[in-house]
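Here is what each chain is made of, one letter per residue.
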Amino acid sequence: MTTTALEDASAPPTAPGTEWWRTAVIYQIYPRSFADANGDGVGDLPGVTAHLDDLKILGIDAIWLSPFMTSPQRDAGYDVADYCDVDPLFGTLDDFDRMLQAAHARGIRVIVDLVPNHSSDQHAWFQAALAAGPGSPERARYLFRDGRGENGELPPNNWESVFGGPAWTRVTEADGRPGQWYLHLFDSSQPDFDWTNPEVRAEFRRILRFWLDRGVDGFRVDVAHGLMKAPGLPDYTPPADSGSMGGDETDVPYWGRPEVHDVYREWHELLAAYDGDRALCAEAWMPTIAQTALWVRPDEMHQAFNFPYLMSDWNAQTLRHVIDESLRTFAAVGAPSTWVLSNHDVVRHASRLALTAENPQGHGIGPNSPGKPIAELGLRRARAATTLMLALPGSAYLYQGEELGLPEVIDIPDDARQDPTWFRTGGERYGRDGCRVPLPWTADGPSYGFNTTGASWLPQPAEWAHLARDVEARDEASTLSLYTRLLAERRARALGAGSLVWMPDAGADVVAFRNGNVTVIANLGDRPVPLPAGRVIVSSEPLESDTVPRDVTVWIEAD
Ligand code: BGC
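Definitions and limits used
- Residues numbered from 1 in each chain as written.
- Predicted model: local features only at pLDDT ≥ 70, side-chain atom pairs only at ≥ 80, totals over all residues.
- Heavy atoms only, no water.
- Helix = DSSP H or I, 4+ residues; strand = E, 2+ residues; numbered from the N terminus.
- Rg over C-alpha atoms; globule rule 2.2 N^0.38 Å.
- Buried < 20%, exposed > 50% of the residue type's maximum accessible area, 1.4 Å probe, protein only.
- Contact = heavy atoms within 4.5 Å.
- Areas by Shrake-Rupley, 256 points an atom, 1.4 Å probe, with all protein chains shown as cover.
- Lys, Arg positive; Asp, Glu negative; His and termini not counted.
- Charge placed at Lys NZ, Arg CZ, Asp CG, Glu CD.
- Near = heavy atom within 4 Å.
- Polar contact = N/O pair within 3.5 Å; in protein donor to acceptor, adjacent residues only side chain to side chain.
- Pairing = 2+ DSSP bridges.
- Axes fitted to C-alpha atoms, helices over the stretch in contact; angles between N-to-C directions.
- Parallel < 35°, antiparallel > 145°, perpendicular 65-115°, else oblique.
- Nonpolar A, V, L, I, M, F, W, Y, C, P; charged D, E, K, R; others polar.
- Domains from an automatic or database assignment.
- Salt bridge = Lys/Arg side-chain N within 4 Å of Asp/Glu carboxyl O.
- Core = buried A, V, L, I, M, F, W, Y, C linked by side-chain atoms within 4.5 Å.
- Expected span 1.5 Å × (residues − 1).

**A closer look at the overall build of the chain**
At step 1: The helix and strand inventory of the chain stands at 15 helices and 20 strands.
At step 2: Relative to the compact-globule value of 24 Å for 559 residues, the chain shows a C-alpha radius of gyration of 23 Å, a close match.
At step 3: In terms of its C-alpha atoms, the chain occupies a principal-axis envelope of roughly 80 × 50 × 50 Å.
At step 4: Within the chain, buried positions represent 60% of all 559 residues.
At step 5: Sequence separation of at least 24 residues holds for 68% of the intrachain contacts in the chain that already meet a minimum separation of 6.
At step 6: Counting only carbon and sulfur atoms, one obtains 51% of the accessible surface of the chain, whose full area is about 20500 Å².
At step 7: Charge centroids of the chain, computed over 47 positive and 79 negative side chains, lie 2 Å from each other.

Below, the structure is given as structure tokens:
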């Protein structure tokens, strides 16, 4: 790492009032697996605060924290029981305020996760709904329906939960008899709200204000395509090979309903009344980029995750196409394109890019999965893929641990698995635990420095010492050094605010473009390709000749 890179990395992020989210690199913190200050085996907010300097050195602009609000943790915090408090597992509201202040003092913005599609079944509203009975205003905040069949013994429709099994659960009424059913697109502990109810809308405006008033810079909105359901809740059977969040499907009665956009128009106004460019980012798994772009029309959200990019195969033609379409389609509505390769729901890209079998979103991989990745090939491709991604104009999301080159953990023992997907499919789908294993900070010490006690809510692999942050920080050739260099150069050269010009005749297996004074060439083919003229700024692997080897991306300063 050069001195220049370090200096650049410590420069403040974009100033307020500059729509920082258009170009920001946003680092996802999955709090339970980031750093554990109190040693109970689950990461926490003081753990985040303690490591903000590491993130500053890495050179990111903002952090997004997955949910840390009060929750029984049936879906790792995506089952919220109190939207305006911190779960004791992660600390207190004071810990949050301290973390936020410490991040802002370092010029790092903070986005929090908002989960509006469903609450926890332990939420006061759901408990009140159970107690109040059919036809009550309390039940009208959720989607309670009578069952089909002679005695209401069949679910109201045939919808399946994203995590497997039926999307309906029958309740026992106060008189002890089997009663109504409630809808849960996810786990049975996650009842869906009825977003046609004005009370629900008012409550979420209150929740947004609660966090905005505390000073957050924005929200990542969970299941932003799911809030509204088709009137009458008609039956629907997804295709057998579909991803669990509906990424390939059209006309689903619970994904991407047109009415959902009114909610975000309202939120847009609410955020706009605050200073400092607060932002909304949609988690909307829609089949096409054009459909995803509906969430970022000028009066709606500011960003949407680019899942078609994340799901692209390691194939030059596919990537050229998705990059082109992303830039064009998001620009057409005045939004930046985002780029993302990993998150807490998908197989880490250091493994995914070397999988040889289909792996639908959310299914995960485990000991018996077909087409398991070769680790070296996966890491090489992941480094090349990230080197390509961070040269693209727009905003990029990183997922904690990818900067260390962490692979998906495949060999988690069955009895250690925690994802509801694993339980609801009777072990047929491994789910997402493999990308959620606590981070290695130090090669020595208990739990690789995740805490000082050695406790870890998911077991860490025995062979992770060489991937620990302290080891990688000392190694010029490490994935951490590569990410640090890429982020410093991206910032220094303002690549996020740049524009992309394709290099003609680069070859079928090559992705090659100019962004400002940087030429980027990614070789996805089997054979080396000529290295373009100019000074090499950064390469995803060491270069031994004037060619770009297979599965390598190079940034070159054009003459
Ligand atoms: C989150 C998942 C979560 C689900 C239900 C998703 O999109 O990213 O981790 O299980 O929403 O809240």
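So that's the structure; there's more coming.
**Focus on the site of the ligand**
At step 1: Close to the ligand lie 14 residues; Asp75, Asp222, Glu283, His344 and Asp345 are nearest.
At step 2: Note that an oxygen atom of the ligand is positioned 3.0 Å from one of the side-chain N or O atoms of Arg220.
At step 3: Here an oxygen atom of the ligand and a side-chain polar atom of His344 are 2.8 Å apart.
At step 4: Compared with its free state, where it exposes 310 Å², the ligand has 99% of that area covered by protein.

**Here we look at the sheet that holds strand S20 (residues 552-557)**
At step 1: Ordered by their spatial adjacency, five strands build an open sheet running S14-S15-S16-S20-S18, and the pairing between neighbours is antiparallel. Of all the strands in the sheet, just strand S14 (500-502) and strand S18 (535-539) have a single pairing partner and so form its edges. Direction aside, neighbouring strands of the sheet carry axes that sit 25° apart on average.
At step 2: Pairing between strand S16 (residues 518-523) and S20: six bridges, direction antiparallel. The residue bridging Ala522 from the neighbouring strand is Thr553, located in S20.
At step 3: Strand contacts of helix H10 (residues 316-332): S14 and strand S15 (510-515), with the helix running at about 35° to S15, the strand carrying the most contacts.

**Quick look at the packing of helix H12 (residues 375-389) against helix H15 (residues 479-492)**
At step 1: Close contact between H12 and H15 brings their axes to 10 Å; oriented N to C, the two are set at 10°. On the basis of their axis angle, the class for H12 and H15 is roughly parallel. Contacts between H12 and H15 involve Leu379, Arg383, Thr386, Thr387 and Met389 on the former and, on the latter, Thr479, Leu482, Tyr483, Leu486 and Arg490.
At step 2: Its residues assigned to classes, the contact of H12 with H15 shows five nonpolar, three polar and two charged.

**Side note on the domain arrangement of the chain**
At step 1: One can read the domain layout of the chain as domain 1 (20-117 + 198-483), domain 2 (124-183) and domain 3 (499-557).
At step 2: On the domain 3 side, the residues contacting the 21 residues of domain 1 number 23 residues.
At step 3: Scanning the region where domain 1 abuts domain 3 turns up two salt bridges.
At step 4: Between Arg381 and Asp551 there is a salt bridge; the shortest N-O distance is 3.3 Å.
At step 5: In this assembly, domain 1 and domain 3 are joined by eleven residue pairs in polar contact (both at pLDDT 80 or more).
At step 6: Mapped by element, the contributors of at least two residues to the side of domain 1 that touches domain 3 are H10 and H12.
At step 7: The residue makeup of the side of domain 1 that touches domain 3, split by class, is 13 nonpolar, three polar and five charged.

**What about the pairing of strand S8 (residues 178-183)?**
At step 1: Among the six residues of S8, five are classified as buried, and the element is accordingly described as predominantly covered.
At step 2: For strand S6 (residues 144-145) and S8, the ladder comprises two bridges, and the chain directions are antiparallel. Across the sheet, the residue bridging to Arg145 is Trp181, located in S8.
At step 3: Of the pairings in the sheet, the one linking strand S7 (residues 168-172) to S8 comprises four bridges and is antiparallel in character. Each bridged residue has a counterpart across the sheet, and for Trp168 the counterpart in S8 is Leu183.
At step 4: With antiparallel pairing between neighbouring strands as the criterion, S7 and S8 make up a hairpin whose turn holds five residues, including Gly176 at a positive phi of roughly 90°.

**Some words on unusual backbone geometry**
It is generally the case that most residues other than glycine have a negative phi and that most peptide bonds are trans.
At step 1: Phi at Glu19 takes a positive value of approximately 50°, unusual for a residue other than glycine.
At step 2: Relative to the helices and strands, Glu19 resides in the loop between helix H1 (3-9) and strand S1 (25-29).
At step 3: A positive phi angle, near 50°, is found at Tyr448, a position not held by glycine.
At step 4: Among the structural elements, Tyr448 can be located in the loop between helix H13 (420-424) and helix H14 (469-473).
At step 5: By relative accessible area, which is 11% here, Tyr448 ends up buried.

**Some remarks on the nonpolar core**
Nonpolar side chains in soluble globular proteins tend to end up buried together.
At step 1: Counting 156 residues, the largest nonpolar core has Ile63 and Phe219 as the members making the most contacts within it.
At step 2: When residues no more than four places from it in sequence are discounted, the contact partners of Phe219 are Ile111, Val112, Leu114, Leu208, Trp211, Leu212, Leu271, Ala279, Leu280 and Cys281.

**Here's the deal with helix H7 (residues 260-272)**
At step 1: Here H7 contains 13 residues, and its C-alpha end-to-end distance of 19 Å stays within 8% of the 18 Å for a straight helix at 1.5 Å per residue.
At step 2: Looking only at H7, the buried set comprises Val260, His261, Val263, Tyr264, Trp267, His268, Leu270 and Leu271.
At step 3: In this fold, the buried residues of H7 make contact with strand S5 (109-114), helix H6 (198-214), strand S9 (218-221) and strand S10 (279-282).

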